[in-house]
Number of protein chains: 2
Amino acid sequence: MTAPSPNPDSGVARVVCEQLAPRVGDLAHNRELAFDAVRRARSERADIVVLPELATSGYVFADADEARRTAITPGDVFFTDLTRLLTGTRTVVVVGFCEDGGPTLYNSAAVVDADGVRAVYRKTHLWDRETLFFTPGEQMAPVVTTAHGRIGVLICYDLEFPEMPRRLATAGADLIAVPTNWPLEEHPAGERPAEIVQAQAAARANGVYIACADRSGTERGQAWTQGTAVINQYGWLTATATAATRHRAVTDVFLHLSRDKSLSPHNDLLRDRRTDLYAQESPQL
Amino acid sequence: MTAPSPNPDSGVARVVCEQLAPRVGDLAHNRELAFDAVRRARSERADIVVLPELATSGYVFADADEARRTAITPGDVFFTDLTRLLTGTRTVVVVGFCEDGGPTLYNSAAVVDADGVRAVYRKTHLWDRETLFFTPGEQMAPVVTTAHGRIGVLICYDLEFPEMPRRLATAGADLIAVPTNWPLEEHPAGERPAEIVQAQAAARANGVYIACADRSGTERGQAWTQGTAVINQYGWLTATATAATRHRAVTDVFLHLSRDKSLSPHNDLLRDRRTDLYAQESPQL
């Protein structure tokens, strides 16, 4: 059952993050997984849909040739068909794909709505073996003005660099969409995965919402953290994905709340920054 | 019972954070609280002792005059007596005090060992009513080379600006000592206080230890988070303070581990930063 759709003029946005399990190299299968997720989200009048990193291609490539065979451009039929799926809706989809950049490959994410591909961001902080297949992006992550507010985009390991969410917040992002594939790592019993702790801190430090879509299943023996979550502007998790939610995190958010950065009568999260100091060297004593 | 002292040449350092309950304005009382804490730590052969923000003065000042009456300089007998307490030890104490800076007051922390006051840091991000009493510091937080490694210093709200721990980590800090007075705020049941989540993320993002000494008791109706904790370089809490531990967090740490920033064969926490990008504007689409 789905709650009634938010009134589009109420400032409420419905966020859906779906934790897919693509098959590495199987473009047709992965396309259907992604499109099914978008159809489900559309039927629930979702406003913002986040799908995983490299959702079109899978992640655990055997070699660069295999990665190359999964690469598509932002002009690919995948995106024209996705745009068609969104026709007549105000839904915005953020989805990771393996980008054919000519001689090089990028681990990219596209922001797509009924008007087409609004932005492509090329991951700038590559994780582990990604460095063997991909070229890091050379442009700062974008902020895209949508019908539902300003959406920033980061991909997976990018989020672990506090400079990245900070830059997006100062550029006006209300929500940061994070397609991700978090490889499962050990963590102490009773603790959240460290990547989630980082995401919580990034949300709170910047007063922004963060919506992470991680991976389900396993791929060539690689298990995933399955950390899909929507985090509010105070850093608290408001939705997570579990088997019981069919690997979907769904929640309604009030994105305009991210524009109030005040913490006390005397404090403001962004204005309190001391950029003069951050450019100084630390005294060494 | 106390475990045997670490061998001073083993690279192990014993960290003690004590969550004191000073009385606002009562310098003599607060001095004895602090000195008792140092004597306890000394008897356990503690290497690094962290005491709260404004431990000498208390926090909830009625007005600027009251704050002024508690102000001391780094040359005050408090520090010469503290130095004397440390004579013959390798113990380093980080303690918050209300600093008499001539015409202005600072919310400061001193790093003190047997050689005397090694550094004074003046808090640069002032919280709420602190702005009524204190002048913000104009120097980046220091990194102090001690017998036990390189200690960075932040005070309370400073830690919520990810730029600050980042700057200390790039300046070589192994451990960040954080005298703090965290006013108790509501947080969802079962969650850690948000300030701790921020501290965990800061530790992990930078691969540094963080030792926070918060406050016990209440002061003029103000309750405290009582979040005293030592956090390891992966972001996990290794010691906390409770009534059962007599408001002390005690743990042995391997500070040299903070110097290995590698995360994978292809990744390094600090070298993976893209400072070229962080200086760019976010594309606005």
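Read on for an overview of the structure. (Residues numbered from 1 in each chain as written. Chains lettered and ligands numbered in written order. Predicted model: local features only at pLDDT ≥ 70, side-chain atom pairs only at ≥ 80, totals over all residues. Heavy atoms only, no water.)

Next up on the list: the packing of helix H6 (residues 194-206) of chain A against helix H6 (residues 194-206) of chain B. One can describe the packing of H6(A) onto H6(B) by two numbers: an axis separation of 8 Å at closest approach and a directional angle of 115 degrees. Handedness of the crossing formed by H6(A) with H6(B): left-handed. Across from A:Ala194, A:Glu195, A:Val197, A:Gln198, A:Gln200, A:Ala201, A:Arg204 and A:Ala205 in H6(A), the residues of H6(B) making contact are B:Ala194, B:Glu195, B:Val197, B:Gln198, B:Gln200, B:Ala201, B:Arg204 and B:Ala205. Counted by class, the contact of H6(A) with H6(B) contains 8 nonpolar, 4 polar and 4 charged residues. (Axes fitted to C-alpha atoms, helices over the stretch in contact; angles between N-to-C directions. Helix = DSSP H or I, 4+ residues; strand = E, 2+ residues; numbered from the N terminus. Left-handed = near helix turned anticlockwise from the far one by under 90°. Contact = heavy atoms within 4.5 Å. Nonpolar A, V, L, I, M, F, W, Y, C, P; charged D, E, K, R; others polar.)

Helical geometry note: an α-helix holds 3.6 residues per turn, so side chains three or four residues apart project in the same direction. Residues and elements named next belong to chain B. The buried fraction of helix H3 (residues 77-86) amounts to 7 of the 10 residues, a majority that puts the element mostly inside the structure. Three or more residues of H3 are buried, namely Phe-78, Phe-79, Asp-81, Leu-82, Thr-83, Leu-85 and Leu-86. Check the buried side of H3 and you find it contacts helix H1 (27-43), strand S3 (92-101), strand S4 (104-113) and strand S5 (116-122). Its side-chain oxygen at 2.8 Å from the backbone nitrogen of Phe-78, Asp-76 defines the N-terminal cap of H3. Immediately beyond the C-terminal end of H3, within one or two residues, lies Gly-88, with a positive phi of roughly 80 degrees. (Buried < 20%, exposed > 50% of the residue type's maximum accessible area, 1.4 Å probe, protein only. Polar contact = N/O pair within 3.5 Å; in protein donor to acceptor, adjacent residues only side chain to side chain.)

Residues and elements named next belong to chain B. In space, the 6 strands of this open sheet follow the order S5-S4-S3-S2-S1-S14, with mixed pairing throughout. Edge positions in the sheet fall to S5 and strand S14 (248-254), since each of these pairs with one other strand and no more. On average, each strand axis in the sheet is tilted by 30 degrees relative to the strand beside it, whichever way the strands run. Bridge analysis of S4 against S5 gives 6 bridges, and the strand direction is antiparallel. Residue pairing in the sheet places Val-111 in a bridge with Ala-119 of S5. Here H3 sits on the sheet in contact with S3, S4 and S5, set at roughly 15 degrees to S4. (Pairing = 2+ DSSP bridges.)

Time to look at the environment of A:Asp268. Along the polypeptide, A:Asp268 turns up in strand S16 (residues 267-268). With 194 residues separating them along the chain, A:Asp268 and A:Pro74 place their C-alpha atoms 39 Å apart. Here A:Asp268 is in contact with A:Lys261, A:Ser262 and B:Tyr157, once residues within four sequence places are set aside. Polar contacts involving the side chain of A:Asp268 include one to the main-chain amide nitrogen of A:Leu270, which spans 3.0 Å.

The values are spatial; any link to function lies outside them.
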